[in-house]
Structure formats: structure tokens, C-alpha cells
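# Examining the three-dimensional arrangement
The lines below spell out each chain.
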Amino acid sequence: MLRLGRLLFRSEDPGGRVRSPPFVSTPAVLQPLTLRDVTLRNRLIVAPMCQYSVTDGLVGDYHLVHLGRFALGGFGLVVVEATGVTADGRISHGDVGLWSDEHIPGLARIADFLHAEGAAAGIQLAHAGAKASSRRPWDGGGPVTAENARPGEAPWPTVSASDVPAGPGWPAPHALTVDELADVRDAFVAATRRALTAGFDVVELHAAHGYLLHQFLSPLSNRRSDEYGGSLEGRMRFPLEVVDAVRAVWPADRPLLVRVSAVDGSGEGITIEDTVAFARELKARDVDAVDVSGGGIGGSWEHPLGYGYQVPYAARIRAEAGIATMAVGLIVDARQAEAIVADGSADLVALAREAQDDPNFAVHAARELTEGSYELYPVQAGPRLAGRGKLLGSLGPWTGPDPVQVRKPA
Ligand SMILES: Cc1cc2nc3c(=O)[nH]c(=O)nc-3n(C[C@H](O)[C@H](O)[C@H](O)COP(=O)(O)O)c2cc1C
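Now for a description of the structure that goes with this document. Quick caveat: nothing in here was measured; it's all calculated off a predicted structure.

What counts as what
Residues numbered from 1 in each chain as written. Predicted model: local features only at pLDDT ≥ 70, side-chain atom pairs only at ≥ 80, totals over all residues. Heavy atoms only, no water. 1 Å grid on protein atoms, 1.4 Å probe; cavity = no way out; pocket = protein on both sides within 12 Å on 5 of 7 lines; lining within 4 Å. Points joined across faces, edges and corners; volume = space filled by probe spheres on them. Helix = DSSP H or I, 4+ residues; strand = E, 2+ residues; numbered from the N terminus. Nonpolar A, V, L, I, M, F, W, Y, C, P; charged D, E, K, R; others polar. Near = heavy atom within 4 Å. Polar contact = N/O pair within 3.5 Å; in protein donor to acceptor, adjacent residues only side chain to side chain. Sits in = over half its atoms within 2 Å of the grid points.

### Let's talk about the layout of surface pockets
What the largest pocket holds in volume is close to 1000 Å³. At the level of secondary structure, the elements contributing two or more residues to the lining of the largest pocket comprise β13 (348-351) and α9 (353-357). If you tally residues by element for the lining of the largest pocket, the top one is α9, at 3 residues. Every residue lining the second largest pocket is listed: T26, L30, R41, N42, A366, T370, S373, E375 and L376. Looking at the lining of the second largest pocket residue by residue, the class counts come to 3 nonpolar, 4 polar and 2 charged.

### Thoughts on empty space enclosed by the protein
Counting across every chain of the model gives 1 cavity of 30 Å³ or more. Here the largest cavity defines a volume of roughly 70 Å³. What lines the largest cavity is A207, H214, L217, L232, R235, M236, V260, S261, I270, D274, T275 and F278. Looking at the lining of the largest cavity residue by residue, the classes come out as 7 nonpolar, 3 polar and 2 charged.

### With respect to unusual backbone geometry
G400 connects to P401 through a cis peptide bond whose omega is 0°. By the element assignment, P401 lies in the segment after α11 (382-395). Residue S133 is not a glycine yet carries a positive backbone phi of 60°. Along the chain, S133 falls in the loop between β6 (120-126) and β7 (159-160).

### What to know about the site of the ligand
The immediate surroundings of the ligand are formed by 17 residues, with C50, Q124, R259, L330 and R353 found nearest. At 3.0 Å from an oxygen atom of the ligand is found a main-chain nitrogen or oxygen belonging to A82. Take R259: an N or O atom from its side chain is 2.8 Å from an oxygen atom of the ligand. One can see that the ligand is located within the largest pocket. When the residues that make up the shell around the ligand are grouped by side-chain class, the tally is 9 nonpolar, 5 polar and 3 charged.

This is the structure we're talking about:
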């Protein structure tokens, strides 16, 4: 458990504007945030990113290096990708899993490394529902079929809220019975307990991007006529039962996050008003922050698209539901991240593709926003880079074309 700083902003008061205390000049996105007993060293988060690169759900060296570099790169919280709570709930055969105790040691090794390098460790728990049994993106995506399956990677039957296929060409999933819902909920609980054993600080439940919990929330995929469908209240029922059950076993000193699709891609689906209502229910159930993403059902995106395109949703949920939010989606610049936190749109800023492109984004952001501070770098690098920075500053930029560009000693 991380206890790196004192409590600066109480999670109970997330609707208030984030302000730097007058005596602190630290930029807002670099200030620590304490959620329950976990203090993040800054508000820059690595969003969950499926790598489709393990066998039988077991992480190894690839994930240690892939995720570990973000801790070395200064991020406050690193969230492990969508992790299957059941084998059948995986998106693909290559997904990370936490459906058995065998999965714990590999993930514990990652959590330990993240902690050793000053980052908090998060894990996203997921069930893919109708989008399970998919091919890896680089194999072409879409459903696995007998014809396109890799050797030993047969397709499996999928489940969902209703028998609505994930898209054209996808098989119809089995509509879960009420008894089967209890099994899925229990699988989320069991995976949560294992995440605790593995040493994670933060659990995030995946209720976005067209996966099972989102399939319950969205009228595009939930056609049930029982108490788990119909009205928004009915569609929220199962996701909220999962939240309740997970919160009951996830310790009171650790934060629980939920990732939502604030809007479905088309106007026929979930609206931001629906998601504000859902966020209010999450807050009432002691969820600490909503990770605000979008889309994933129906294939289309009929909303504005560009830098920070989902930030307005995070801002609205934060203001109207009074819960902390994490903004994500085409956030690519340190000053952009700073503006999001400083103007009170969100408490946390998550990056996925930009972090892959620049795993050192957070240390670079700290340098840019604090006029050259190397303090966030690991000690093995920061002081040496600071020294080199001074030298480079005195030399000015390399102008070329001669690779050797030196000065005589004074
Ligand atoms: C390679 C890759 C894998 C992803 N896997 C997940 C995932 O496991 N869970 C999830 O909620 N979102 C996943 N996403 C979505 C990202 O977390 C993020 O919301 C999205 O990419 C937008 O942020 P960005 O513009 O910073 O990339 C993935 C995105 C990428 C690029």
C-alpha cells in the first residue's frame, strides 16, 4: 500500500474545483491525489491497454517490462489491461486473466515492481460478454471462427444481457439467466480477492467499450424484459450488483474505480444524462472515481472527435454527480493534461496510445511544466540527466551537419 504523501484533496469533495494550495506552485496534474489510503504521486495515469500477448491468462516478462517502464516514466498509477474474471470472459485467447490463483504470482511481481518505482498499481477487471472469443487485432479482429482460429485457439460460446450479437457477422450470445448472473458476479468478486492478494492498490471495473457490464447498461444490447432490462434502473441493476459485491470485499482503504462509456456511439444508445445517473449510483456505492471513456457498441461514433474529445463528459459527470473523474481520449500534451485538472474537468488524466509512444510522458511533463525539474525521474537517471541538461543548455542546440560540434576549453 502506498503512502507517499499527505491528503491534499478529499475524494468526498470531488465536485469542488481542484486548486493548488497558495503555498504550493506544483502544477495541478503533478500534485498528489489521495483516494482512501492510497496516495498517487501525481494525476497522470496509464490507461488499461490489452496486449493480447499471454497464454492461459498468465503474465510474464513481457508485461513486467511493458508496464514497468511506465512506473520508471513517472506515472502516478499504472492500470493493468482488461483482465478476464473468467476464461470465457476474455476478449481473446491472449488476454490476461485472474480467474484462478495461478494468475496471482505473475501479477504480484508486476505490482511489486510498480510500487518499488513509486507508482500505484491498478488492475481492470473485465468480462467481455458478446465480444469474447475475438481474434487479436493484428490477426484481423472480429470473432474467432473454426476457419480463422489459430491452432489450439478454438472459438467458444459467448454470453450477454440478451442474444444481440456484438456486430454484423458475430455469433448470437446466450442471454444470461438470473442464476448465471450470480455466477458472473461471484467471478468478479473472486478476481477482486485475488487482486488484493497480488497487492494491487486500485481495482477498476470495466463497464465500458461494449463489454458485458456495458451490454447490460446499453439499450442497444439489453433487450431483457425482466428486472435486469427495460428502464435505465433495470439496465443498471446488474452492473450495480457487481459493484456492490466487489466493494464489499475490496478493502475500505483502497479505491474502486469504474470505467464507463459516457455515451454510446449513436444517439439511440446511452446518453450523458444516463451516465450521470449511473455515476450518482456509483458514488452512493462508495466508488471513488469514474473513468470516463465512450463508445464500443454499434460501431459508430456520431459525436465530436478530436483532442480531449471525452473530457467534456468527465467534466459533466464530475460536476453533476459529484464524483471524482478520470479523463481519457486523445490527451497528448503535458499542457493539455495540466489544463484538464487545473480547470476542474477531471481529477485524473489517463493516457493510452500516447503512453505507448512515450512511456516517459510523465517525467517529460514534469520537466515541461516545472521549468526543467528532473525530480520525477528515477534516481538512476534524474541527476545525470539534470547535469547533461545544464551542459546542453550552455551549448545550445546541435545544429549540424557536422556531428562534432565542440568548443575550445575556456
Ligand atoms: C492497445 C490498446 C489497448 C486497449 N485496451 C483497453 C483495455 O484493456 N481496457 C480499456 O478499458 N480500454 C482499452 N483501450 C482503450 C484505452 O484505455 C483508451 O481509453 C483509448 O485508447 C483512448 O485513449 P488514448 O487516446 O490515450 O489512446 C485500449 C487502447 C489501446 C490503444
